[in-house]
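A look at the structure
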Amino acid sequence: MLVAVIWAIPHAVRACSCARSPDPRVALDQADAVFLARVVEEPSRTQRIAGEVTYGFDVMRQWKGDPAPRVTIKTQSSSAACGRRFRMAKTYLVYATREGTGRYSDNLCSRTRELDQADDDLKLLGPGSPVRVEPEVDGDNDREPPFLAPPPPDLALPKSAEPGKRGCDVASGGGPRAPLSLLWLALIGGLRAARSRTSRSPASRP
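Residues numbered from 1 in each chain as written. Predicted model: local features only at pLDDT ≥ 70, side-chain atom pairs only at ≥ 80, totals over all residues. Heavy atoms only, no water.

Attention now goes to the state of the cysteines. Throughout the structure, instances matching the rule amount to two disulfides. With a sulfur-sulfur separation of 1.7 Å, Cys18 is cross-linked through a disulfide to Cys109. Taking the sign of the torsion about the S-S bond as the criterion, the disulfide between Cys18 and Cys109, at about -65°, is left-handed. Highlighted residues: Cys18 in the loop between helix H1 (2-13) and helix H2 (24-30) and Cys109 in the loop between strand S5 (104-105) and strand S6 (113-114), separated in sequence by 91 residues. (Disulfide = S-S within 2.5 Å. Helix = DSSP H or I, 4+ residues; strand = E, 2+ residues; numbered from the N terminus.)

Next comes the structure, spelled out in structure tokens:
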């Protein structure tokens, strides 16, 4: 059994056979997307057992393919099947293939490499361009509220200003009534007139 295991190890390693990595410009032409990205999500243990794994990346710059700010890359879990293992929080210059489903994939035979080993690539590729970010349209509360015109002024005339009326609106009780102050003045005037007539009449004799 031990001999069988030792014999199987080199055969498994030789299962993935790649040609020499192409020149950066050739690799750029062959790849569907080329971008600089940082690993932010690793595959689960279930994915590793299944044989196909997916890594999540935050894209920082791009040279080809117009990738989104967040992308996923599929690869095989085993290096014997040419699967590439990305390390968490590391930054890579990725030469990816785009599948019919729209997902990216990569393998050991591509020119993908860590940033600290990509000096020759960056010299030939140039500075690249920032990733295009789509504007948010999910409706947040940062937008200014729409302008609402004030309501028109109330132009209705008060009762006292209705046509055909002048002055104050005095409640009527069946006919005109003299104010109470005028009645008092009339009463006082009548008393004074009575006193005046009394004082002017001759004194009565016995």
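Phi at Asp66 takes a positive value of approximately 50°, unusual for a residue other than glycine. Within the secondary structure layout, Asp66 lies in the loop between strand S2 (52-64) and strand S3 (70-76). The backbone phi angle of Ala89 is positive, close to 70°, even though this residue is not glycine. Inspection of the secondary structure assignment puts Ala89 in the loop between S3 and strand S4 (91-98). Judged by relative accessible area, which is 38%, Ala89 ranks as partly exposed. (Buried < 20%, exposed > 50% of the residue type's maximum accessible area, 1.4 Å probe, protein only.)

Phe35, Phe57, Ile73 and Phe86 are the most contacted members of the largest nonpolar core, which has 16 residues in total. Those elements giving two or more residues to this core turn out to be strand S1 (33-41), S2, S3 and S4. Setting aside residues up to four positions removed in sequence, Phe57 forms contacts with Ala37, Arg38, Val39, Val40, Pro69, Arg70, Val71, Ile73, Phe86 and Tyr92. In this structure, Ala31, Trp63, Ala118 and Leu125 belong to the second largest nonpolar core, which totals nine residues. (Core = buried A, V, L, I, M, F, W, Y, C linked by side-chain atoms within 4.5 Å. Contact = heavy atoms within 4.5 Å.)

None of this, on its own, says anything about what the molecule does.
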